[in-house]
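So you can see what is in the structure, the chains are spelled out below.
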Amino acid sequence: KGIDWAAENGFSLIITLDCGIKAIEKVAYAASKGIDVIVCDHHLPEATLPEAVAVLDPKREDCSYPFDDLSGCGVGFKLVQAYSQKNGIPFEELKPLLDLLVVSIASDIVPIMGENRILAYHGLRQLNNNASVGLKAIIQICGVENKELTMNDIIFKIGPRINASGRMQNGKASVELLIEHDFQAALKKAEEINLYNEERKELDKKMTEEANELVENDAEMKDSSAIVICNEEWHKGVIGIVASRLTEVYFRPAVVLTRSGAFLTGSARSIAGFDVYKAIESCRDLLENFGGHVYAAGLTLKEENLPEFSQRIDKFIGEKITDEMLTP
């Protein structure tokens, strides 16, 4: 839909952010419509990359960039930086983007070390001293406008609200908020997003209770290495949060699935030291698609493949996980 819209409206370039590393067919489709694509991503790539005009991903094996753990937005910032250098735009003009960047670094749960630490430090200064209009509005809605903002404020207050719009409806409300220049209009959008967040909390609480009940009532799952549960009624936008809660309670990797059209779609979360992406990749022949990181991944599969997927991922995790990893 997005590519068709771009073609119909005369756009010749699409830049992806935090996605696209596996979008081989979509990039080819864009090319067939005369549209170039620049991929900015930080998820794990496959052996074959999309035939985009540029594929920026520090996790590419052939990438010589000295820091592998940039956030998705961090990769985008590097593109902006390079563009600016090439076109004689001073770095000073990029400083207003650093508040958005630190929100990404904190919310994307990337390691706060190396370059991320430097970018986060300067981003926090920007957020505290001269935040953009949209972020100022969300800071006010969170009730943290009169204090020194920290990474914790982003992770637990600012980030979840920005994410709530995408979880409950689509991300449009958050995009509009973050590019708004009028404070009163931004405040109105921030209030709308805050309501999405309240709704998300209620749903999250209800789904987590139901998920815990499913695990507790399944005798086999009590002894399994992985938690794999499915409820077709669950809201797709919240299953990742529920998977995180399950890993905290039962301290083992969790996959939570729900229905999405003709398929089941799921989110996987892991515990420290265990690569859940590799576990999912080991079942790739059963999946329609999958992607993600060491500790968090997404997947889509046909309903009839679920029993075999549950069995195989449990076996794979059981063989690779250690007692040390399973100790909170």
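Above this text is the structure in question.
Here is a short report on the structure shown in this document. The structure displayed is predicted, hence computed values, not measured ones.

This brings us to the pattern of salt bridges. Inspection of every chain in the model, using the stated rule, returns 21 salt bridges. Of the charged contacts in the structure, one is a salt bridge between E176 and K172, with a shortest N-O distance of 4.0 Å. Residue E176 and its partner K172 are both found in helix α8 (residues 172-178); the two are separated by 4 residues, about one turn of the helix. Overall, the relative accessible area of 53% leaves K172 in the exposed class. A salt bridge links E319 to K315; the shortest N-O distance between them is 3.0 Å. Of this pair, E319 and K315 both sit in helix α13 (residues 306-320), 4 residues apart, which is roughly one turn of that helix. We classify E319 as exposed; its relative accessible area is 56%. By relative accessible area, K315 is classed as exposed at 55%. Among the ionic contacts, a cluster of salt bridges with common partners joins E46, E281 and R284.

Let's shift gears to the nonpolar core. Counting 55 residues, the largest nonpolar core has L127, I154, I158, I229 and L246 as its most contacted members. Broken down by element, the residue count for this core peaks at 8 residues, all from helix α9 (residues 183-216). Among residues more than four places away in sequence, those in contact with I154 are V102, V103, A106, S107, L124, L127, G159 and P160. Membership of the second largest hydrophobic core comes to 26 residues, among which are V276, I280, L286 and L301.

On to unusual backbone geometry, then. The residue D18 is not glycine, and still its phi comes out positive at about 70°. One can find D18 in the loop between β1 (13-17) and α2 (24-32). Note on D18: relative accessible area 29%, which makes it partly exposed. The backbone phi angle of I109 is positive, close to 50°, even though this residue is not glycine.

The mixed open sheet is built from 5 strands, whose spatial order is β4-β5-β6-β8-β7. Each end of this open sheet is capped by a strand with a single partner; those strands are β4 (227-230) and β7 (287-292). Taken over all neighbouring pairs, the strand axes of this sheet differ in orientation by 15° on average, direction set aside. The pairing of strand β5 (residues 254-260) with strand β6 (residues 263-269) spans 7 bridges and is classified as antiparallel. Across the sheet, residue S260 finds its bridge partner in β6, namely F263.

Let us look at helix α11 (residues 239-250). Under the 1.5 Å per step criterion, the end-to-end length of α11 is 16 Å for 12 residues, consistent within 8% with the ideal 16 Å. Considering only its buried residues, α11 is in contact with α7 (151-168), α9, β4, β5 and β6. Just downstream of α11 lies F251, where phi reads positive at about 50°.

Cut-offs and rules
- Positions within a chain are numbered from 1, following the residues in the order the chain's sequence is written.
- Reporting of local features is limited, given that this is a predicted model, to residues whose pLDDT is at least 70; pairs of side-chain atoms are given and counted only at 80 or more, and all residues count toward the totals for whole chains, interfaces and linings.
- The basis for the side-chain values is all heavy atoms of the structure; hydrogens and waters are excluded.
- Whenever a carboxyl oxygen of Asp or Glu lies within 4 Å of a side-chain nitrogen of Lys or Arg, that contact is scored as a salt bridge.
- Elements are defined by DSSP. Helices are runs of H or I of four residues or more, strands are runs of E of two residues or more, and each kind is numbered from the N terminus.
- Accessibility here uses a 1.4 Å probe with only protein chains present; expressed as a share of the type maximum, an area under 20% marks a residue as buried, one over 50% as exposed, and anything in between as partly exposed.
- The term nonpolar core refers to a set of buried residues drawn from Ala, Val, Leu, Ile, Met, Phe, Trp, Tyr and Cys, joined through side-chain atoms within 4.5 Å.
- Contacts are assigned to residue pairs with any non-hydrogen atoms lying within 4.5 Å of each other.
- Any two strands are treated as partners once DSSP identifies two or more bridges connecting them.
- For helices, the fitted line uses only the C-alpha atoms of the stretch in contact; every axis is such a line through C-alpha atoms, and the angle between N-to-C directions lies from 0 to 180 degrees.
- In this scheme, a helix's expected span is set at 1.5 Å multiplied by one less than its residue total.

That is the geometry; function is a separate question.
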